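Spelled out, the chains give:
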Amino acid sequence: MKKIGLDAGHGLYTSGKQTPDGIKEWSLNDDVCDRIQSILRDYDCEIIRTDNNEGKIDESLSSRVAAYINAGVDAFVSIHHNAYTGNWNNATGVEVYTDRTPTEKDERLAKCIYNRLVEYTGLTGRGIKRANFAVINQNKVPAVLCEGGFMDSSADYKIITSDVGKQNYALAVAEGLIEFLDLKKIPQSSDTPATPEKIDVIYQVWENVKDKWLPDVVNNTDYAGNFKNAVCAVYANLTKGNIYYKVHIIGSKNNRARWLPEVKNREDYAGNLGQPIDAVAFRTDTGKTIKYAAHEKKSGRWLPAVTGYDINDRINGYAGNFGKEIDAIKVWLE
Ligand SMILES: [Zn+2]
C-alpha cells in the first residue's frame, strides 16, 4: 500500500495568508486536500495529513517534514495558493515547486501534477520552479509544493474559490499522484452491482376430487389447487438451494390430526394421498424470505401469507387453520 503525505499549507490563523476579502489560505488549501483525499479513497493508498486538521495550529515546517519522513511516505505534496501584493491585482497562474536540488523523482512528480494543473484549472502555467521551501527541502521523499492560483488576483479568485475550481485543483493533484505512484483502483462492489439472484419455487399439489397431481406452478404468478377440492399433498423444489416443507393432516376416524414428517425438495412429497390437509409450512436454505399462503376451502378466502416455519407459532409459523381444509396454496421467495 503506497503512502502519501498531504499538506494544507499554513494554519487557519496564520496572518497575512488570505484573500483580500478575508478567505484564509489554509481554508482553501484544506478544501483542496479534502477533495484529493476523497478522490484517492478509491485507490490503494494511505494518506497522511501533515497539517493540523482543524487549522488551529500552524504546524511548523520541520514538524511537517518529520511527520511525512517518519511515516515513510512514497510522495509528498504541499497544497498552497499564491499571493502577489495582498491587494487586488492582475497576477495569475499556477506553479509547482521542487527544492533547489531536485531528484529525478521530484521532477517527475512535479511534471505529473503540473501538466494537469494547467489543463484542468485553465489558469496560466507559470512553470515548474525550484525554491528552498523548507517543507519540501529534503531528498529522501519525492516532494513538491503546488501554488494553485493567486488569492489576490481578480482573475484567479473566482476560480480558486469556486467548487469547480477546487475540484479541478484536487483532480490534477490526485491524478498526478495516481500516475506517479501507479496507484490502482480498489474494485468497488458497487461498480458491478450484484443483481439479486432470482430463485423460483416450483410446486404442485395433489387434490382429492380428481385424485391427481395438478400441474406445476411457479412462484405466486398462480396458485396450486382447485378451489373446493381439498389438497392432500405438496411436492416442491427450487431453481437453486433447498426447500423443506411439511403438511398437517386433518384428523379422521382412522387418522389422528398431526404434522407429517418434513420432506426436502422432491426427494418425497409431503402428505398422504387421500387425506386432506389443513396446514402447511415451508422453509429454505437460500437466505431469502419464503412467503406462502393457504386458501381455505370452506370460507373460500386466502389466509394471510406467512414467512416462518414453527409449528408452535400459529400466527407466522405455518399457513392454515387446524380443522379447516386447504384447497390451494401459493409459495414464493422475496
Ligand atoms: Zn501558502
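Now for a look at the structure at hand. No experiment lies behind these values; they were computed from the predicted model shown. (Residues numbered from 1 in each chain as written. Predicted model: local features only at pLDDT ≥ 70, side-chain atom pairs only at ≥ 80, totals over all residues. Heavy atoms only, no water.)

## Some points on the pairing of strand S3 (residues 75-82)
This is how the line gets drawn: Exposure classes here rest on a 1.4 Å probe applied to the protein chains alone. A residue is buried below 20% of its type maximum, exposed above 50%, and partly exposed in between. Strands here are runs of E lasting at least two residues and helices are runs of H or I lasting at least four, both read from the DSSP assignment and numbered beginning at the N terminus. Note on pairing: DSSP must find at least two bridges between two strands before they are called paired.
Of all eight residues making up S3, eight are buried, and the element is well covered by its neighbours. Burial along S3 is two-sided: Ala75, Val77, Ile79 and His81 facing one way and Phe76, Ser78, His80 and Asn82 facing the other are all buried. Relative to S3, strand S1 (residues 2-8) is paired through five bridges, and the arrangement is parallel. If you follow Asp7 over to S3, its bridge partner there is Ser78.

## Overview of the pattern of salt bridges
For clarity, the cut-off: A carboxyl oxygen of Asp or Glu within 4 Å of a side-chain nitrogen of Lys or Arg is what we treat as a salt bridge.
Going through the model one piece at a time under the given rule, you end up with 21 salt bridges. Ionic pairing is found between Arg64 and Asp7, a salt bridge with its closest N-O pair at 2.7 Å. Placement of Arg64 in helix H2 (residues 61-71) and of Asp7 in strand S1 is noted, with a sequence separation of 57 residues between them. The pair formed by Arg64 and Asp7 is uniform in burial state, with each residue classed as buried. Between Glu197 and Lys240 there is a salt bridge, and its shortest N-O distance comes to 3.4 Å. With Glu197 in the loop between helix H5 (163-181) and strand S7 (201-207) and Lys240 in the loop between strand S11 (231-238) and strand S12 (243-249), this residue pair connects regions lying 43 residues apart in the sequence. Given a relative accessible area of 43%, Glu197 falls into the partly exposed group. A relative accessible area of 45% means that Lys240 is categorised as partly exposed.

## Points about the side chain of Thr98
As a reminder of what qualifies: In this description, contact between two residues means that some pair of their heavy atoms is separated by no more than 4.5 Å.
Mapping Thr98 onto the fold places it in strand S4 (residues 94-98). The buried category is assigned to Thr98, whose relative accessible area is 1%. When neighbours within four sequence positions are excluded, Thr98 is seen to be in contact with Asp106, Glu107, Ala110, Lys129, Arg130, Ala131, Ile136, Ala143 and Val144.

## Thoughts on the coordination of the zinc ion
As a reminder of what qualifies: Note on donors: an N, O or S atom is included if it sits within 2.8 Å of the metal, or within 3.2 Å for Na, K and Ca, and water is never included, so sites can look incomplete. A site with four donors is called tetrahedral when every donor-metal-donor angle falls between 85 and 135 degrees; four donors are called square planar, and six octahedral, when opposite donors sit more than 155 degrees apart and all other angles fall between 65 and 115; any other arrangement is irregular.
In the first shell of the zinc ion, the protein supplies His10 (NE2), Glu25 (OE), Glu25 (OE) and His80 (ND1), at 2.1 to 2.7 Å from the metal. If you look at the zinc ion, its four donor atoms make angles of 51 to 143° with each other, and the shape they trace is irregular. Mapping the donors of the zinc ion onto the primary sequence gives the spacing H-x14-E-x54-H. Here His80 lies in strand S3 and His10 lies in the loop between S1 and helix H1 (25-40), a separation of 70 residues in the sequence. For His80, a relative accessible area of 10% translates into the label buried.

## Structural notes on the sheet that holds strand S2 (residues 45-49)
Stated formally: Axis lines are fitted to C-alpha atoms, over the contacting stretch for helices. Their N-to-C directions set the angle, which ranges from 0 to 180 degrees.
Spatial ordering of the open sheet is given by S2-S1-S3-S6-S4-S5, a layout of six strands whose pairing is mixed. A strand with exactly one partner marks an edge of an open sheet, and here the two such strands are S2 and strand S5 (125-130). Ignoring which end each strand starts from, the neighbouring axes of this sheet average 20° apart. In terms of strand pairing, S4 meets S5 through four bridges, oriented parallel. Looking across to S5, one finds that Val94 is bridged to Gly125. Running over the sheet, helix H3 (residues 104-121) touches S3, S4, S5 and strand S6 (143-150) and is turned about 175° from S4. With respect to the sheet, H5 is in contact with S1, S3 and S6, its orientation differing from that of S3 by roughly 160°.

## Quick word on the side chain of Lys246
Within the secondary structure, Lys246 sits in strand S12. Those residues within four positions of Lys246 in sequence are excluded, and the remaining contacts are Trp259, Leu260, Pro261, Glu262, Ala270, Ala279, Val280, Ala281, Tyr309 and Ile311.

## Quick look at the nonpolar core
Convention followed: Definition of nonpolar core: a set of buried residues of the types Ala, Val, Leu, Ile, Met, Phe, Trp, Tyr and Cys, connected through side-chain atoms within 4.5 Å.
In terms of nonpolar packing, the biggest core is built from 36 residues, with Ile36, Leu40, Val77, Ile79, Val173 and Leu177 touching the most fellow members. Residue assignment for this core shows that the elements contributing at least two residues are S1, H1, S2, S3, S4, H3, S6 and H5. Excluding residues within four positions of it along the chain, Ile79 makes contact with Leu6, Asp7, Ala8, Gly9, Asn29, Val32, Cys33, Ile36, Cys146, Tyr169 and Val173. Counting residues in each nonpolar core, the second largest holds 35 residues, with Ile199, Phe282, Ala294 and Val306 among its members.

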